[in-house]
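Given next are the chains, with one letter for each unit.
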Amino acid sequence: MFTSVDDVSARLAETGYLASPAVATTVFLAARLGKPLLVEGPAGVGKTELAKAVARVTDARLVRLQCYEGVDESRALYEWNHAKQLLRISAGRDESWDEARTDIFGEEFLLPRPLLTAIRGDDAKVLLIDETDKADVEVEGLLLEVLSDFQVTVPELGTVTATRRPFVVLTSNASRELSEALRRRCLFLHIGFPEEELERRIVRLKVPDLDEALAGSLVRVVGALRAMELRKVPSVAETVDWARTLLALGAGTLDEAVVRDTLGVVLKHQDDVLRAAAKLDLDTL
């Protein structure tokens, strides 16, 4: 997939994803070693976008399993098309059950979900298991089987083994601790908030029409907000949203009036807005 760490950085940058050296190195190793990549960090720092960017630069199909409380095997792996099976049984009323069973548990009636889809076929795929920490612990057992051997057993059809392994990215916001067994099977990457210079480059890339000096001021103000004790500090995605807001308003500077009127773009709780308005000192930034 990639020839070097620099190749990862350059190709991701072509898609608009500016990767730090740590991110580029870990992506390169995951691709070279064939290991799943577990990416943790606060919301909005680019964990999901990393998987999407890798899919774009490698011309691979993105297969996404969105985890949530209550997601089960039928949603993650496969299920049978029961309505179609009933129609098939009704159409063959003169058949014995053994004859009908052989037919209705075939490929035509199988509904592959993300995990099975990712390991079937010879085309290049990126499997994104998004917000893994929101899934129930039982789902981790299913992931262990898939990520260990890249195979899935369908009792009626047999074992499906990947002929071409997908590039796997698991994301987590660390709302609960993932099992050590799952972690052992992955390379680990923590994506935190970027350094000021990198975030300024991200803003300039995503909002190229924004004045460079204003972009620098914006990033410094966001850094000051992150240093406060807030319920929810601004993410990189919200920094970009704020930049787009300033551009839409035609703001030339980030003065107190502009900040006061637009804090709701980056802060999502009223007590955070009040705390930031009281403590933020633009003259020192």
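Residues numbered from 1 in each chain as written. Predicted model: local features only at pLDDT ≥ 70, side-chain atom pairs only at ≥ 80, totals over all residues. Heavy atoms only, no water.

**Student:** Give me unusual backbone geometry: which residues, what numbers.
**Tutor:** Positive phi is not limited to glycine here, since Glu131 has a value of about 55°. Mapped onto the elements of the fold, Glu131 is located in the loop between strand S5 (125-130) and helix H8 (137-149). (Helix = DSSP H or I, 4+ residues; strand = E, 2+ residues; numbered from the N terminus.)

**Student:** How would you summarise the domain arrangement of the protein chain if you had to cite specific residues and measurements?
**Tutor:** Partitioning the protein chain into domains gives domain 1 (5-76 + 110-190) and domain 2 (196-279). Each of domain 1 and domain 2 has a C-alpha centre, and the two are 31 Å apart. Summing the contributions of domain 1 and of domain 2, the shared interface buries around 570 Å²; its carbon and sulfur component is 68%. Together, Gly16, Leu18 and Gly44 form the three largest contributors to the area buried by domain 1 at its contact with domain 2, with a combined 71%. The interface formed by domain 1 and domain 2 holds zero salt bridges in total. (Domains from an automatic or database assignment. Buried area = accessible area lost by both parts, 1.4 Å probe. Salt bridge = Lys/Arg side-chain N within 4 Å of Asp/Glu carboxyl O.)

**Student:** Would you mind going over the pattern of salt bridges in detail, with residue names and values included?
**Tutor:** Considering all chains together, one arrives at 18 salt bridges under this definition. In this structure, Glu49 and Lys52 form a salt bridge, with 3.6 Å as the shortest nitrogen-oxygen distance. Here Glu49 and its partner Lys52 are both found in helix H3 (residues 47-57), three residues apart, which amounts to about one turn of the helix. When its relative accessible area of 25% is taken as the criterion, Lys52 is described as partly exposed. For Glu177, the salt bridge identified is with Arg183, shortest N-O distance 3.2 Å. On the basis of relative accessibility, which here comes to 58%, the residue Glu177 falls in the exposed class. A relative accessible area of 19% means that Arg183 is categorised as buried. Residues joined in a network through salt bridges with shared partners are Glu40, Glu177 and Arg183. (Buried < 20%, exposed > 50% of the residue type's maximum accessible area, 1.4 Å probe, protein only.)

**Student:** If you had to explain helix H12 (residues 236-249) to someone new, which residues and values would you point to?
**Tutor:** Between its first and last C-alpha, H12 extends 20 Å over 14 residues, near the 20 Å set by a 1.5 Å rise per residue. In this structure, the buried residues of H12 make contact with helix H10 (196-206), helix H11 (212-226) and helix H13 (256-262). One or two positions beyond H12, positive phi appears at Gly250, with a value near 70°. (Expected span 1.5 Å × (residues − 1). Contact = heavy atoms within 4.5 Å.)

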